[in-house]
Amino acid sequence: VQLQASGGGLVQVGGSLRLSCAASGGTFSRYGMGWFRQAPGKEREFVAGISRTGGSTLYADSVKGRFTISRGNAKNTVYLQMNSLKPEDTGIYYCAGRVAINTMPPYVRERDYDYWGQGTQVTVSS
């Protein structure tokens, strides 16, 4: 499966962005999906994950209550709604996917994912 992330940009503190990740070349509803980010000089970190049906989600503590991950299986797309953005949210955001068992919760480790998008830059200015 190929993943294409989009929606990044420059936003002021407290603003919002919605990232999208469009999947092609596979049966999207079979995939658990996740978002990761990498800030300058730091390692890539887990942001949010969603099960293949969308019934289960997980978030990093740093984004809980501000970010929402969702998916539209009919559109082969996973979304990340980001509200109340902070400067520390700045980084390159990557979507990731892997074939998942229906009952599995979202995956949180990089090594659990097999497919990665190219990343989209998010910059939060103060």
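Since the structure is predicted, the reported quantities are computational estimates derived from the model, not experimental observations.

(A) Geometry of the overall build of the chain. Secondary structure assignment for the chain yields zero helices and 11 strands. Going from the N terminus to the C terminus, the chain shows its helices and strands as β-β-β-β-β-β-β-β-β-β-β. The C-alpha radius of gyration of the chain comes to 13 Å, within 12% of the 14 Å expected for a compact globule of 126 residues. When the backbone C-alpha atoms are referred to their principal axes, the chain occupies close to 40 × 25 × 25 Å. Split into buried and exposed, the 126 residues of the chain put 44% on the buried side. Long-range pairs, those at least 24 residues apart, make up 59% of the contacts in the chain with a sequence separation of at least 6. A total of about 6,300 Å² of accessible surface is found on the chain, and carbon and sulfur atoms cover 46% of it.

(B) Looking closely at the side chain of Thr77. Residue position: Thr77 is located in strand 8 (residues 77–82). Side-chain polar atoms of Thr77 contact the backbone oxygen of Lys75, separated by 2.8 Å. The contact partners of Thr77, leaving out residues within four places of it in the chain, are Ser20, Cys21, Ala22, Phe28, Arg71 and Gly72.

(C) Quick peek at the pattern of salt bridges. Under the counting rule described, the total for this entry stands at six salt bridges. Between Glu110 and Arg44 there is a salt bridge whose closest N-O contact spans 2.9 Å. Linking Glu110 in the loop between strand 9 (91–99) and strand 10 (115–116) with Arg44 in the loop between strand 4 (31–38) and strand 5 (45–50), this pair joins segments that are 66 residues apart in sequence. Sharing partners across several salt bridges, the network here consists of Arg37, Glu45, Arg66 and Asp89.

Cut-offs and rules
Residues numbered from 1 in each chain as written. Predicted model: local features only at pLDDT ≥ 70, side-chain atom pairs only at ≥ 80, totals over all residues. Heavy atoms only, no water. Helix = DSSP H or I, 4+ residues; strand = E, 2+ residues; numbered from the N terminus. Rg over C-alpha atoms; globule rule 2.2 N^0.38 Å. Buried < 20%, exposed > 50% of the residue type's maximum accessible area, 1.4 Å probe, protein only. Contact = heavy atoms within 4.5 Å. Areas by Shrake-Rupley, 256 points an atom, 1.4 Å probe, with all protein chains shown as cover. Polar contact = N/O pair within 3.5 Å; in protein donor to acceptor, adjacent residues only side chain to side chain. Salt bridge = Lys/Arg side-chain N within 4 Å of Asp/Glu carboxyl O.

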